[in-house]
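# Descriptive structure summary
Here are the chains, one letter per residue:
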Amino acid sequence: MLTIDHVAFGGSELDHLRAAAADVGLPSEYGGPHGNGTTHMAVVGLPDGSYIEFIAPTEETAPDDADFWSAHLAADAGPAGWCIEVSNVAASAKTAIDSGVRVDGPHEASRVRPDGTRVEWDMCFEGPTDDERLPFVIADRTPRSYRTTPNLDLVDSPLVGTALVVLAVEEADRTASLLTRRHRLPTPIESDGPFDRFSICPGAPVAYAETGGVENQSGTAQTQADTDDIASRVDSLGEGPCAYFLAADDFEAATEQFSLTDVQSFGPDGDRRAAWFDHGVFRGRLGVVEL
């Protein structure tokens, strides 16, 4: 089963991202500058070991010059890339190539934490240029605890971990075929959710928000605004993550502890609940979903 290691949420100013997160109840820890010298990051460590990486250009770097997701950072686009952990990046890259997928890597990467600890890992990006539908892969060269640990303020919270990556795509079937070929994901099922054309891969942490407008599963026409937003995002940034959902094992408690928008139905049967974190940085981009 595909398991999310972490998700990247980008913007032009790291302090702004961290302040927005604090406003809705998500504490973050500064993680230091990357070895490329053009980006730095902060971590929201979740109880299951996954995490949100807030990433932005350093003060000396223009967003367009950032080595990671420069277009996303310049546009304050939020969701930028998603990651899975592998035991060997080179072996994973060979598997990708054997399945007909282009790779960029392996690359050595690092950052230095504020306490001086150097964090090192190998990574590899997969798929066409400017296409973030496939997760990039990572393997630690230093202990994983150097890279992330659960935030103590969240350990006893209703949040469990990263539940879902929503991919903005032109054609869900075409993307599903790619992810099936590379990671053996199941066929997506049309679902209630936060976007007009929304489908979920059952048993996998992946969903699709498709450009174009149709009726939802219940037969009720939804607004065109979300469809237009997804189409605009794909046009400007390419296909890839447009939203992330964190899992809550006690949804009522989550609505009390965190600042969330109105609740909406979620899932193939519409029997789960979801809500966005209630801040302009996160609405439509980062939310909570009921387990």
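Before any of the text, the structure's been laid out above.
What this report covers is the structure whose coordinates are included nearby. From a predicted model like this one, the values you see are computed outputs, not experimental measurements. (Residues numbered from 1 in each chain as written. Predicted model: local features only at pLDDT ≥ 70, side-chain atom pairs only at ≥ 80, totals over all residues. Heavy atoms only, no water.)

## Focus on the side chain of Glu210
The criterion, for reference: Starting at the N terminus, helices and strands are each numbered in turn, a helix being any DSSP run of H or I of at least four residues and a strand any DSSP run of E of at least two. When accessible area is computed with a 1.4 Å probe and restricted to protein chains, residues below 20% of their type maximum are described as buried, those above 50% as exposed, and intermediate ones as partly exposed. Residues are treated as being in contact if the distance between any of their heavy atoms lies within 4.5 Å.
If you trace the backbone, Glu210 turns up in strand β12 (residues 206-210). Under the relative-accessibility criterion, Glu210 is labelled buried at 16%. Setting aside anything within four residues of it in sequence, one finds Glu210 in contact with Val169, Glu170, Glu171, Ala172, Arg197 and Ile230.

## Focus on unusual backbone geometry
Note the cis peptide between Gly105 and Pro106, where omega equals 5°. Relative to the helices and strands, Pro106 resides in strand β6 (residues 103-112). Although it is not a glycine, Trp69 sits at a positive phi angle of roughly 50°. Mapped onto the fold, Trp69 is located in the loop between β4 (51-57) and α2 (70-74).

## Quick word on the nonpolar core
Stated precisely, the cut-off is as follows: To form a nonpolar core, buried Ala, Val, Leu, Ile, Met, Phe, Trp, Tyr and Cys residues must be joined to one another through side-chain atoms within 4.5 Å.
Grouped together as the largest cluster of nonpolar side chains are 55 residues, with contacts concentrated most on Leu26, Phe54, Phe277 and Phe282. Other than its neighbours up to four places away in sequence, Phe277 contacts Val24, Leu26, Leu246, Phe258, Ser259, Leu260, Phe282, Arg283, Leu286, Gly287 and Val288. Formed by 17 residues, the second largest nonpolar core is a distinct cluster that contains Ile230, Cys242, Ala274 and Trp276.

## Quick word on the sheet that holds strand β15 (residues 272-276)
Here is the rule we go by: When DSSP finds two or more bridges between a pair of strands, those strands are recorded as paired. Fitting a line to C-alpha atoms yields each axis, with helices limited to the stretch in contact; the angle taken between N-to-C directions then spans 0 to 180 degrees.
Spatial strand order, β10-β11-β12-β9-β13-β16-β15-β14: eight strands in an open sheet with mixed pairing. What marks the edges here is a single partner per strand, and that holds for β10 (189-190) and β14 (264-266). Across three bridges, β15 lies against strand β16 (residues 286-290) in antiparallel orientation. What sits directly across from Ala275, in β16, is Val288. Along the sheet face, helix α6 (residues 172-183) touches β9 (159-169), β11 (198-200) and β12 and points at about 155° away from the line of β12.

## A few points about the sheet that holds strand β1 (residues 4-10)
What the eight strands build is an open sheet, ordered β2-β3-β4-β1-β5-β8-β7-β6; its pairing is mixed. What marks the edges here is a single partner per strand, and that holds for β2 (29-33) and β6. Pairwise comparison of adjacent strand axes, ignoring direction, gives a mean angle of 30° for this sheet. Most of the contacts of helix α1 (residues 14-24) go to β4, to which it runs at about 145°, and overall it touches β1, β2, β3 (39-45) and β4. Of the strands in this sheet, β6, β7 (118-126) and β8 (136-140) are in contact with helix α3 (residues 89-98), which crosses β7 at around 5°.

## Remarks on the packing of aromatic side chains
Our working definition: Classification of ring pairs rests on two measures: the distance between centres of Phe, Tyr or Trp rings, Trp counted by its six-membered ring, which must be within 6.5 Å, and the angle between planes, read as stacked under 30 degrees, edge-to-face over 60 and tilted in between.
All told, the structure shown has 13 aromatic pairs when counted by the stated rule. On the basis of an interplanar angle of 70° and a centroid distance of 6.1 Å, the ring pair of Phe195 and Trp276 is categorised as edge-to-face. With Phe195 in the loop between β10 and β11 and Trp276 in strand β15, this residue pair connects regions lying 81 residues apart in the sequence. Judged on exposure class, the residue Phe195 and its partner Trp276 are both buried. Aromatic rings pair up to connect Phe195, Phe198, Phe245, Phe266 and Trp276 into one cluster.

## What to know about the pairing of β7
Of the strand pairs in this sheet, β6 and β7 are connected by eight bridges, and their pairing is antiparallel. Bridging across to β7, Ser110 finds its partner in Glu120. Between the end of β6 and the start of β7, which pair antiparallel, lie five residues, with Gly116 showing a positive phi angle near 95°.

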